[in-house]
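Observations on chain architecture
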Amino acid sequence: MDAPIETLYKGSDGRYYTDHQLTKRLESERWKRCIRQQEPDRQLVETSDGCLLLLTATDVLPEWAELRIDDRGARVVDTRGPRPK
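Now for a description of the structure that goes with this document.

1. Description of the state of the cysteines
Following the criterion strictly, the structure yields 0 disulfides and no others. Between C34, a free cysteine, and C51, which holds the nearest cysteine sulfur, the sulfur-to-sulfur gap is 12 Å. Relative accessible area serves as the criterion here: at 41%, C51 is assigned to the partly exposed category.

2. Points about the pairing of strand 7 (residues 73-78)
Two elements, strand 6 (residues 65-70) and strand 7, share 6 bridges in a ladder whose sense is antiparallel. For D70, the partnering residue across the bridge sits in strand 7 and is G73. Once strand 6 ends, the chain turns through 2 residues before running back antiparallel as strand 7.

3. A short note on the side chain of T18
Relative to the helices and strands, T18 resides in strand 2 (residues 16-18). Ignoring anything within four residues of it in the chain, the contact list for T18 reads I5, T7, L8, Y9, L67, A74, R75 and V76.

4. A closer look at the nonpolar core
With 8 residues, the main nonpolar core is built from Y9, Y17, L22, L26, W31, V45, L53 and L55. Elements supplying a minimum of two residues to this core: helix 1 (19-27) and strand 5 (52-58). For Y9, the residues in contact, after removing those within four places along its chain, are R15, Y16, Y17, T18, D19, L22, D41, Q43, L55, T56, A57 and T58. Core analysis: the next-biggest nonpolar cluster, separate from the first, contains 6 residues, I5, L8, Y16 and A74 among them.

5. So, the packing of aromatic side chains
In the structure shown here, the tally under the stated rule is 2 aromatic pairs. With a centroid separation of 5.7 Å and 70° between ring planes, the pair formed by Y16 and W64 is classed as edge-to-face. Here Y16, found in strand 2, pairs with W64, found in the loop between strand 5 and strand 6; they are 48 residues apart in sequence, far enough to count as distant. According to the relative accessible area criterion, Y16 is buried, its value standing at 12%. Above the ring of W64, the side-chain terminus of R80 is found at 3.7 Å from the ring centroid.

6. Brief notes about unusual backbone geometry
Geometrically, the link from E39 to P40 is a cis peptide bond, its omega value of -5° lying close to zero. Its place among the elements puts P40 in the loop between strand 3 (31-37) and strand 4 (42-47). Look at E29: it is not a glycine, yet its phi comes out positive at around 65°. Tracing the backbone shows E29 in the loop between helix 1 and strand 3.

Criteria and thresholds
- Residues numbered from 1 in each chain as written.
- Predicted model: local features only at pLDDT ≥ 70, side-chain atom pairs only at ≥ 80, totals over all residues.
- Heavy atoms only, no water.
- Disulfide = S-S within 2.5 Å.
- Buried < 20%, exposed > 50% of the residue type's maximum accessible area, 1.4 Å probe, protein only.
- Pairing = 2+ DSSP bridges.
- Helix = DSSP H or I, 4+ residues; strand = E, 2+ residues; numbered from the N terminus.
- Contact = heavy atoms within 4.5 Å.
- Core = buried A, V, L, I, M, F, W, Y, C linked by side-chain atoms within 4.5 Å.
- Phe/Tyr/Trp six-rings, centres within 6.5 Å; stacked < 30°, edge-to-face > 60°.
- Lys NZ or Arg CZ within 6 Å of the ring centre and 35° of its normal.

Listed below in structure tokens is the structure:
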């Protein structure tokens with residue numbers, strides 16, 4: 001991977017996140033870290049709506065996910081289109 005990304009995470013919500021996205025959400029207090037495990041790298045966070053989300057480090061993105069890097073930082077984008085409500 002030739003991007004300034006140290007870690008990719010697969011969330012228990014089926015979404016993928018970069019370390020940048022994780023850091024931003026923790027800094028803005030949208031997420032609150034509950035537990036962090038070093039080996040293997042896993043983190044349990046509480047989201048702003050009170051749900052628990054398990055993030056597990058991964059090296060693989062699915063075909064529908066794309067890494068984008070811009071002035072907002074590195075992020076994973078779901079290219080499948082809008083999610084059904």
